[in-house]
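Listed below, chain by chain, are the residues.
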Amino acid sequence: MAKVLVLYYSSYGHLSQMADAVAEGARSAGAEVDILRVPETAPAEVAKAAGFKSDHTHPVIDNVEKLADYDAIVIGSPTRFGRVSSQLASFLDQAGGLWFRGALNGKVGAAFTSTASQHGGQETTLFSIITNLLHFGMTVVGLDYGFQGQMGLDEIKGGSPYGATTLADGDGSRQPSAVELDGARYQGRRVAETAAKLFG
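Counting of residues starts from 1 at the beginning of each chain's written sequence and follows it residue by residue. Confidence filtering applies because this is a predicted model: local features only for residues at pLDDT of at least 70, side-chain atom pairs given and counted only at 80 or more, and all residues used for totals across whole chains, interfaces and linings. As a rule here, side-chain values cover all heavy atoms of the structure and leave hydrogens and water aside.

Caption draft 1: Expanded view of the packing of aromatic side chains. Ring pairs shown here join Phe, Tyr and Trp side chains whose ring centres sit within 6.5 Å, with only the six-membered ring taken for Trp; geometry is labelled stacked below 30 degrees between planes, edge-to-face above 60, and tilted in between. Under the counting rule described, the total for this entry stands at 3 aromatic pairs. Their ring planes at 50° and their centres at 4.5 Å tell us that phenylalanine 127 and tyrosine 162 sit as a pair that is tilted. Highlighted residues: phenylalanine 127 in helix 5 (residues 122-135) and tyrosine 162 in the loop between strand 6 (139-140) and strand 7 (164-167), separated in sequence by 35 residues. For every residue, the accessible area obtained with a 1.4 Å probe (protein chains only) is divided by the maximum for its type, and the residue is called buried under 20%, exposed over 50%, and partly exposed between those limits. Classification of phenylalanine 127 as partly exposed rests on a relative accessible area of 38%. Think of it as a cone above the ring: NZ of Lys or CZ of Arg counts as a charge over the ring if it is within 6 Å of the ring centre and within 35 degrees of the ring normal. Sitting over the ring of tyrosine 70, lysine 3 keeps its end group 5.1 Å from the ring centre. The helix count covers DSSP runs of H or I at least four residues long, the strand count covers runs of E at least two residues long, and both are numbered beginning at the N terminus.

Below, the structure written as C-alpha cells:
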C-alpha cells in the first residue's frame, strides 16, 4: 500500500477542497493518505483583515522531516503573482537537509493550484512546485489527458496537463466545480497508482 501525503496551503479554502479530492482519488487506488497544511506565516491581524479561512479541517504539518515518511507527496498552493504562496515556499525552503541526504529521491510528486482567473498563472505556479519536486529528485505525475474533463470549451474550468487546478474569481466567490474536483481525484489516483508500481 502506497503512503501518500497531500500537503497544501490555502487562504480561503479552495485548495482545502481540492486536497480532499486528491486524497479521495488516492484512497480509491488503495493508498493510505494523510492531508496536512503548511503553517500560516501572515501576521494574525493581516490574515483576519483579508478574511483568511480560520476554521481549518486539516492539521498543520509540524516538521519538514515528515516528508521523508511518504512514498508520494502531492503539493497544492494558490497562485501569488504567478508562483507559489510565500507560506508554502517558506516551508519547502526548510527541506535543505532532506535534499542534501537525497531523502526524497525517487518518490512520486505532483502539484495542484488555484488562481483568481483563467490567466492568473496556473501553469507557472504548477511549474514552480514541479521545480521543487524535481530538485528533490522526485518522479512527477501530472493530470494526463486520460482525464478528458479538462478538454472542451463548454464551461469555464481549470485543469492542465501539469496538474489539477481550480478558479476562484477575484473575490474568492467561485468554488471548485465538479469537473475540477474530478480532475483532482483523477490526479490523486494516478499518483497512488504510480507510487504503488514504484514501491509495491
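Caption draft 2: Seen up close, empty space enclosed by the protein. Method remark: on a 1 Å grid restricted to protein atoms, a set of points is classed as a cavity if a 1.4 Å probe fits but cannot get out and as a pocket if it is open with protein on both sides within 12 Å along at least five of seven lines; lining residues have an atom within 4 Å of a point. Grid points are joined across faces, edges and corners, and a volume is the space filled by probe spheres set on the points. A full pass over the atoms with the stated rule returns 1 cavity of 30 Å³ or more. Counted as a void, the largest cavity has a volume near 60 Å³. As for the largest cavity, its lining consists of Tyr8, Tyr9, Ser10, Arg37, Val38, Pro39, Glu40 and His56.

Caption draft 3: Layout of the UniProt feature "domain: Flavodoxin-like" (unreviewed entry) in the protein chain. Listed under "domain: Flavodoxin-like" (unreviewed entry) in the UniProt record, and renumbered for this structure, are residues 4-191. The span residues 4-191 is 33% helical and 19% strand by assignment, and the distance between its end C-alpha atoms comes to 8 Å. UniProt positions are given in the numbering used here, feature names are shortened, and annotations may be inferred rather than shown by experiment.

Caption draft 4: Region of interest: the layout of surface pockets. For the largest pocket, the calculated volume is near 350 Å³. If you trace the largest pocket, you find 17 residues lining it, with Gln118, Gln150, Lys157, Gly158 and Gly159 closest to the centre. Three residue categories are used. Nonpolar comprises Ala, Val, Leu, Ile, Met, Phe, Trp, Tyr, Cys and Pro, charged comprises Asp, Glu, Lys and Arg, and polar comprises the others, including Gly. Looking at the lining of the largest pocket residue by residue, the class counts come to 6 nonpolar, 8 polar and 3 charged. The space that makes up the second largest pocket amounts to roughly 250 Å³. In this structure, the second largest pocket is lined by 17 residues; those nearest its centre are Tyr12, Pro78, Arg80, Ser114 and Ala168. Mapped onto the lining of the second largest pocket, the elements with two or more residues apiece are helix 1 (14-28), strand 3 (72-80) and strand 5 (108-115). Here the lining of the second largest pocket gets 3 residues from one element, more than from any other, and that element is strand 3. When the residues that make up the lining of the second largest pocket are grouped by side-chain class, the tally is 6 nonpolar, 8 polar and 3 charged.

Caption draft 5: Summary view of the side chain of glutamine 87. Note on placement: glutamine 87 falls in helix 3 (residues 86-92). Judged by its relative accessible area of 7%, glutamine 87 falls in the buried class. Residues within four places of glutamine 87 in sequence aside, it is in contact with Tyr9, Val38, Pro39, Glu40, Thr41, Ala42 and Phe52. Only heavy atoms matter for contacts: two residues are in contact if any of them lie within 4.5 Å across the pair.

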